[in-house]
Amino acid sequence: MRQVPDSSGLLASLLAAVPVTVVETRDDPADAVLFPEEAAVVANAVAKRRNEFTTVRHCARTALAAIGVPPAPILPGQRGAPRWPDGVVGSMTHCAGYRAAVVARATDIASLGIDAEPAEPLRDPDVLKLVADETERAALARLGARHPGTPWDRLLFSAKESVYKTWFPLTGRWLGFEEARVELDPDGTFSARLLVEGPVVEGVELKVFSGQWAVGDGIAATAIVLPFTVASSGA
């Protein structure tokens, strides 16, 4: 089972084999600042929201600098999805005590999505009913019986968030929790079968997204990276 002892490198370890740049942190650094346009977005927000908004953009700009992209505002666009500079794909995530951003050149990666959550079970059982169908809930019960101690329901929630973040830049459309069926594997991978018409990449409709997950130091993270070569297989 994929366990990472220090989650300061949680997503970096998951994505080491793909051409993306990962920046993640457990702190809110003092040198993290916003462009005026970004500051306006959170001007009336509480301090917690401003801190996570600021730090995750600091992570994103650090990652962009590593691939030669100059600093620029990263503003929320349609449905809150970040508007990345031209020629870049990316994803950001934050939860209590953790922020991360992943970016890549759009010539290498068609889309990607990341999500991080507290590594604990979902607190409200009604959330699981909203997120997972009967097939998924039965699979979670089997996983829990065989591998207790892993927050499988939280991982499924996180995986669906990563699915949506990968889906939306390709389609510009909403995707409900019930429109993708996620299957988690104890080896640290998962698959998400789309139950609606899939996005078309290089002329091929994609029906399945493949991802990875890890748990470490109180954080559960999931990631999907969709290289253009996936389209040739129709995955």
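In this text, all values refer to a predicted model and were calculated from it rather than measured experimentally.

Broken down by element type, the chain carries 6 helices and 10 strands. Whereas a compact globule of 235 residues would reach a radius of gyration of roughly 18 Å, the chain reaches 17 Å, a difference of no more than 12%. For the chain, the spread of C-alpha atoms along the principal axes amounts to about 50 × 40 × 30 Å. When the 235 residues of the chain are sorted by exposure, 46% land in the buried category.

Contact geometry for helix H5 (residues 134–146) and helix H6 (residues 152–171): axes closest at 9 Å, N-to-C directions at 135°. As summarised for this structure, H5 and H6 are arranged oblique, according to the angle between their axes. As H5 packs across H6, the resulting crossing turns out to be right-handed. Side by side, H5 and H6 meet where Glu136, Leu140, Leu143 and Gly144 of the first sit next to Trp152, Asp153, Leu156 and Lys160 of the second.

Positive phi, close to 55°, is recorded for arginine 79, a residue that is not glycine. Within the element layout of this structure, arginine 79 appears in the loop between helix H3 (47–66) and strand S2 (88–95). You can call arginine 79 exposed: its relative accessible area is 56%. Positive phi, normally seen in glycine, also occurs at aspartate 217, with a value near 50°. Summarising the element assignment, aspartate 217 is placed in the loop between strand S9 (208–216) and strand S10 (219–227). In this structure aspartate 217 comes out as partly exposed when scored by relative accessible area, which is 45%.

Turning next to the sheet that holds strand S4 (residues 109–118). Judged by pairing direction, the sheet is antiparallel, and its 5 strands sit side by side in the order S4-S10-S9-S6-S5 without closing on themselves. At either end of the open sheet lies a strand with only one pairing partner, and these are S4 and strand S5 (180–185). Across the sheet, the mean angle from the axis of one strand to that of its neighbour is 20°, orientation sign disregarded. One ladder, built from 5 bridges, connects strand S6 (residues 189–194) with S9; its direction is antiparallel. Bridge pairing in S9 places phenylalanine 190 opposite glycine 211.

Here threonine 21 lies in strand S1 (residues 21–25). When its relative accessible area of 19% is taken as the criterion, threonine 21 is described as buried. Filtering out sequence-adjacent residues up to four positions away, threonine 21 remains in contact with Ala63, Ala66, Ile67, Ala101, Val102 and Val103.

Counted according to the given criterion, the structure contains 4 aromatic pairs. Ring centres 5.9 Å apart and planes at 40° place the aromatic pair phenylalanine 157 and phenylalanine 177 in the tilted group. Here the residue phenylalanine 157 occupies a position in helix H6, and phenylalanine 177 occupies one in the loop between H6 and S5, the gap between them amounting to 20 residues. On the basis of relative accessible area, phenylalanine 157 is assigned to the buried category, the value being 18%. A relative accessible area of 22% means that phenylalanine 177 is categorised as partly exposed. Seen from their ring centres, tyrosine 164 and phenylalanine 168 are 5.7 Å apart, and the 35° between their planes marks the pair as tilted. In this pair, tyrosine 164 and phenylalanine 168 both sit in helix H6, 4 residues apart, roughly one turn of the helix.

We now examine the sheet that holds strand S3 (residues 98–105). Taken together, 3 strands build an open sheet; the order of strands is S1-S3-S2 and the sheet is antiparallel. With partners counted over all chains shown, the strands left at the sheet margins are S1 and S2, one partner each. Adjacent strand axes in the sheet meet at a mean angle of 10° when their direction is disregarded. Where S1 meets S3, 5 bridges bridge the pair, whose relative direction is antiparallel. Paired with valine 23 across the two strands is alanine 101, which belongs to S3. Sitting on the sheet, H3 is in contact with S1, S2 and S3, with an inclination near 30° to S3.

Cut-offs and rules
- Residues numbered from 1 in each chain as written.
- Predicted model: local features only at pLDDT ≥ 70, side-chain atom pairs only at ≥ 80, totals over all residues.
- Heavy atoms only, no water.
- Helix = DSSP H or I, 4+ residues; strand = E, 2+ residues; numbered from the N terminus.
- Rg over C-alpha atoms; globule rule 2.2 N^0.38 Å.
- Buried < 20%, exposed > 50% of the residue type's maximum accessible area, 1.4 Å probe, protein only.
- Axes fitted to C-alpha atoms, helices over the stretch in contact; angles between N-to-C directions.
- Parallel < 35°, antiparallel > 145°, perpendicular 65-115°, else oblique.
- Left-handed = near helix turned anticlockwise from the far one by under 90°.
- Contact = heavy atoms within 4.5 Å.
- Pairing = 2+ DSSP bridges.
- Phe/Tyr/Trp six-rings, centres within 6.5 Å; stacked < 30°, edge-to-face > 60°.

As far as function goes, none of this settles anything; it's purely spatial.
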